[in-house]
Amino acid sequence: MSEYHDYYKKIGFMCGLEIHQRLATAEKLFCKCPTNIIEMVEKEPMSAHRYQRAVAGEMGLVDVSAAFEQQKQKRFLYKIPNSYSCLVEIDEEPPHEMNREAFMIALSFAKAMEMRIVDEIQPMRKAVVDGSDPSAFQRTAMVGFDGKIKVNETVVNIPSMFLEEESCGIESGNSIETTYSLNRMGVPLVEIDTDPYIRSPKDAKEIALYIGTLMRISGFVQRGIGSVRQDVNVSIKDGARVEIKGLQEIESVDKFIDNEVKRQQELLKIRDQLKKSGASVTEIVDVTDVFTRTKAQIIRNQVDKKGVVMGFRLKGFKGFLGKEISEKRRLGTEISDYAKAANIKGIIHSDEDLLKYGITPNEVAQLSKKLSLGPNDAFIIVAGSQSDARNAAVLAKGRAEQAIISVPLETRGAVTDGTFTTRFLRPLPGGSRMYPETDARPILVTKDAVKEAESNSPNLEKEKAFLMKHVKNNDVVDQLIRSTRLQLFKSLMGDTSADPQFIANVILQKFTELKRYGFDVESISDERLVEMFDLYKNKRITKQAIDEILKSLAKMDQSVNEIVKKEHLERMTDLNLKKLIEKEKKEGKVSKEELRNRIMSKYRLNVDGSELNSLII
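Calculation notes
Residues numbered from 1 in each chain as written. Predicted model: local features only at pLDDT ≥ 70, side-chain atom pairs only at ≥ 80, totals over all residues. Heavy atoms only, no water. Helix = DSSP H or I, 4+ residues; strand = E, 2+ residues; numbered from the N terminus. Buried < 20%, exposed > 50% of the residue type's maximum accessible area, 1.4 Å probe, protein only. Contact = heavy atoms within 4.5 Å. Areas by Shrake-Rupley, 256 points an atom, 1.4 Å probe, with all protein chains shown as cover. Lys, Arg positive; Asp, Glu negative; His and termini not counted. Charge placed at Lys NZ, Arg CZ, Asp CG, Glu CD. Polar contact = N/O pair within 3.5 Å; in protein donor to acceptor, adjacent residues only side chain to side chain. Pairing = 2+ DSSP bridges. Axes fitted to C-alpha atoms, helices over the stretch in contact; angles between N-to-C directions. Phe/Tyr/Trp six-rings, centres within 6.5 Å; stacked < 30°, edge-to-face > 60°. Core = buried A, V, L, I, M, F, W, Y, C linked by side-chain atoms within 4.5 Å. Salt bridge = Lys/Arg side-chain N within 4 Å of Asp/Glu carboxyl O. Left-handed = near helix turned anticlockwise from the far one by under 90°. Nonpolar A, V, L, I, M, F, W, Y, C, P; charged D, E, K, R; others polar. Parallel < 35°, antiparallel > 145°, perpendicular 65-115°, else oblique.

(A) Representation of the overall build of the protein in the model. Within the protein, the secondary structure is distributed over 20 helices and 24 strands. Counting only C-alpha atoms, the protein reaches 100 × 65 × 60 Å along its principal axes. Every one of the 617 residues in the protein was classed for burial, and the buried ones make up 53%. Looking at the protein alone, contacts between residues at least 24 apart form 74% of all its contacts between residues at least 6 apart. As displayed, the protein has an accessible area near 30,100 Å², and 48% of this comes from carbon and sulfur atoms. Within the protein, the 92 negative side-chain charges are centred at a point lying 4 Å from the centre of the 95 positive side-chain charges.

(B) Here's a closer look at unusual backbone geometry. One non-glycine residue, Ala136, lies in the positive phi region at around 70°. You can see Ala136 is positioned in the loop between strand S6 (124–127) and strand S7 (137–151). Classification of Ala136 by relative accessible area gives buried; the value is 13%. A positive phi angle, close to 50°, is found at Asn152, a residue other than glycine. Mapped onto the fold, Asn152 is located in the loop between S7 and strand S8 (154–165).

(C) Quick look at the side chain of Thr288. Topologically, Thr288 is positioned in the loop between strand S15 (285–286) and helix H6 (297–304). For Thr288, a relative accessible area of 14% gives the class buried. Polar side-chain contacts of Thr288 include one of 2.9 Å to the backbone nitrogen of Val309. If we skip the residues at most four places from it in the chain, Thr288 touches Val303, Gly307, Val308 and Val309.

(D) The arrangement of the pairing of strand S13 (residues 242–247) in detail. Bridge count between strand S12 (residues 228–235) and S13: 4 bridges; the pairing is antiparallel. Residue Val232 lies in a different strand from S13, and its bridge partner there is Ile244. Here S12 folds back onto S13 in antiparallel fashion, the turn holding 6 residues, of which Asp238 has a positive phi close to 70°. Two elements, S13 and strand S21 (residues 410–414), share 4 bridges in a ladder whose sense is parallel. Pairing of Ile244 across the sheet is with Arg412, part of S21.

(E) Geometry of the pairing of strand S9 (residues 169–173). The sheet contact formed by S9 and strand S10 (residues 177–181) spans 4 bridges and is antiparallel. Bridging across to S10, Ile170 finds its partner in Tyr180. Hairpin connection, S9 to S10: the antiparallel pair is bridged by 3 residues.

(F) Structural view of the environment of Arg263. If you trace the backbone, Arg263 turns up in helix H5 (residues 253–276). Once the C-alpha coordinates of Arg263 and Ser326 are considered, the two residues, 63 residues apart in sequence, prove to be 5.7 Å apart. If we ignore the near neighbours within four places in the chain, the residues touching Arg263 are Val242, Ile325, Glu334, Val407, Glu410 and Arg412. Only 2.7 Å separates the side chain of Arg263 from the side chain of Glu334, close enough to count as a polar contact.

(G) Main features of the sheet that holds S9. Taken together, 4 strands build an open sheet; the order of strands is S2-S3-S10-S9 and the sheet is mixed. Since the sheet does not close on itself, it has two edges, and those belong to strand S2 (46–50) and S9, each with one partner. Direction aside, neighbouring strands of the sheet carry axes that sit 25° apart on average.

(H) Broad picture of the packing of aromatic side chains. Applying the stated rule across the entire model yields 11 aromatic pairs. Seen in terms of ring centroids, Tyr8 and Phe13 are 5.2 Å apart; in terms of plane orientation they differ by 65°. Their pairing is edge-to-face. The class of Phe13 is buried, set by a relative accessible area of 9%. Judged by centre distance (5.5 Å) and plane angle (85°), the ring pair of Phe68 and Phe424 falls under edge-to-face. Taken together, the residues Phe68 in helix H2 (residues 64–70) and Phe424 in strand S22 (residues 422–427) connect sequence positions 356 residues apart.

(I) Local environment of the nonpolar core. Counting 141 residues, the largest nonpolar core has Phe317, Leu480 and Met532 as the members making the most contacts within it. Filtering out sequence-adjacent residues up to four positions away, Leu480 remains in contact with Leu467, Val471, Leu486, Phe489, Ala504, Ile507 and Leu508. Among the nonpolar cores identified, the runner-up in size contains 15 residues, and Val309, Leu367, Phe379 and Ile381 belong to it.

(J) Representation of the pattern of salt bridges. One pass over the full model with this rule turns up 46 salt bridges. Between Glu97 and Arg441 there is a salt bridge whose closest N-O contact spans 4.0 Å. A residue pair is termed long-range when its members are at least 10 positions apart, and Glu97 in the loop between strand S3 (75–80) and helix H3 (100–112) and Arg441 in the loop between strand S23 (434–436) and strand S24 (443–444) qualify at 344 residues. Glu206 is the partner of Arg482 in a salt bridge, and the nearest nitrogen-oxygen pair spans 4.0 Å. Separated by 276 residues along the polypeptide, Arg482 in helix H12 (residues 474–482) and Glu206 in helix H4 (residues 201–216) bring together distant segments of the chain. We classify Arg482 as partly exposed; its relative accessible area is 47%. What makes Glu206 partly exposed here is its relative accessible area of 27%. Each of Glu260, Arg263, Arg329, Glu334, Asp337, Arg399, Glu410 and Arg412 takes part in a single network of salt bridges with overlapping partners.

(K) Representation of the packing of helix H7 (residues 331–340) against helix H9 (residues 386–405) in the model. Contact geometry of H7 with H9 gives a least axis separation of 7 Å together with a crossing angle of 140°. Where H7 crosses over H9, the two elements pack in a sense that is right-handed. Residues Leu331, Glu334, Ile335, Tyr338 and Ala339 of H7 form the contact with H9, whose participating residues are Ala392, Leu395, Ala396, Arg399, Ala400 and Ala403. Its residues placed into classes, the contact of H7 with H9 shows 9 nonpolar, no polar and 2 charged.

(L) Broad picture of the packing of H5 against H9. Where H5 contacts H9, the two axes come as close as 6 Å, and the packing angle between them is 85°. The pairing of H5 with H9 is recorded here as roughly perpendicular in orientation. Of the residues in H9, those touching H5 at Leu267, Arg271, Leu274 and Lys275 are Arg399, Ala403, Ile404 and Ile405. Partitioning the contact of H5 with H9 into residue classes produces 5 nonpolar, no polar and 3 charged.

As structure tokens, this is what we get:
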């Protein structure tokens with residue numbers, strides 16, 4: 001084992017993945033609505049408002065994460081596009097029969113990972129009270145279990161795979177209301193879980209890449225941003241299991257994991273120091289009277305609206321709230337994230353520059369007296385309506401108390417500022433969120449279905465052999481296998497007679513280059529690309545013209561023939577090229593190299609370089 005892996009073993013590193021991939025089915029999982037969502041077509045779609053509450057799971061207990069979301073008392077607005085949703089999505093009609101296409105794709109993935117297939121698929125309900133599903137639950141069904149894959153000579157166990165509904169897409173939100181669209185709600189997806197024994201952040205990245213590649217080569221999954229997400233579970237010795245939700249870029253998975261390890265290490269250092277100092281947290285006190293005449297605007301706004309200011313003492317915490325635990329994030333930031341769940345903007349604590357808020361030294365002195373602060377103590381205050389301020393203070397106090405005990409069990413979300421850090425979303429859910437789905441019938445898995453799925457299951461080695469046969473280049477094969485454009489390549493290879501290696505070079509290298517310069521090449525349809533490659537194969541355009549055609553297609557969908565005509569990109573015929581060479585020769589005696597350069601500088605987009613070389617004598 002390398003020093004790298006030795007280090008993670010020493011710190012008790014544990015890591016598991018949950019990979020969610022949308023399936024490329026024609027219809028949604030429990031209704032006939034289409035899944036090829038392009039945009040919201042209705043300018044003013046129908047809408048519905050909902051509030052949600054947590055319910056007990058099959059064990060009779062309410063899940064802690066569901067209860068946490070309920071206490072926010074948020075309102076949810078659902079936009080209902082007629083083109084992509086129906087009464088099933090809004091939970092006004094029972095689910096239809098499970099989509100067989102999605103069911104068979106899920107079975108094929110299970111067989112590809114050597115899983116044991118369940119005899120009967122039983123849909124379940126998973127409580128989800130953050131508004132992402134109008135019904136307050138997600139339908140999910142186990143398809144296979146006890147599987148395994150081999151990644152870089154390491155066997156990775158796959159304990160379970162589920163077939164699920166996709167959630168709503170969030171459009172906007174604030175502390176009071178969140179707006180969702182039902183367009184993607186109910187699109188089939190699979191969730192593939194690994195065991196928690198991944199050895200390092202880099203291994204986690206490789207495993208996620210392997211599973212993503214395995215699904216992608218099947219041709220049965222959606223492409224594009226948001227179609228695949230990785231949830232990562234991470235813990236270290238003396239730390240706690242933390243779930244990082246919704247990482248969309250595989251390339252950054254290891255960075256997020258590494259930063260979570262460092263965050264937990266810093267929190268454990270703070271815990272040890274707080275214990276040593278005899279730290280504790282006192283009861284919450286109403287300190288509004290300290291700020292009746294305050295000029296601190298963030299507090300003044302609440303006091304003027306008959307709000308309150310709540311505070312509490314943190315004995316032995318002086319200097320710790322400002323300690324950095326990861327880039328741009330401190331212990332105070334962690335506590336503030338909890339308070340924000342109660343519909344306030346955050347907390348104010350004593351390790352901050354209080355003058356920037358407008359809090360005077362006299363107010364600090366009064367507050368210190370009211371909270372009985374000692375020289376090594378800190379304080380936290382929150383301002384808001386009576387109920388919000390009280391709830392926020394309770395949540396902040398609970399998180400501060402946890403800092404003395406250990407790292408809390410949490411679900412965290414990625415911070416999108418390039419730091420690869422995370423923020424608190426909700427407590428980590430448990431088994432209490434599951435209960436049986438009584439509106440959807442169980443599905444008996446037949447031997448014929450398993451046999452059919454096995455014949456369609458993706459195989460990475462076979463795929464590599466197939467690609468090698470056509471492009472005959474190991475590097476290009478590796479790029480294609482890892483690329484999201486693999487299915488595009490195979491589609492184009494089947495629809496045009498152009499050289500496969502040339503097609504691969506264009507969609508791998510040229511696409512990447514143009515995308516870097518801001519051209520939306522991903523929007524170009526397969527149909528237009530087939531037209532372009534056929535024109536090239538039939539010697540109607542040159543390699544050099546490909547660039548200009550792709551740029552035009554990225555701006556607007558139009559016929560490739562029209563682009564060629566409008567931009568004067570027609571390839572020069574043999575006869576006209578010979579005439580051009582003779583004409584250039586008559587204008588002055590030059591070397592072959594000079595003649596070639598002169599012609600290419602004038603007619604670069606219309607002349608094929610290799611053909612020109614063959615005609616210059």
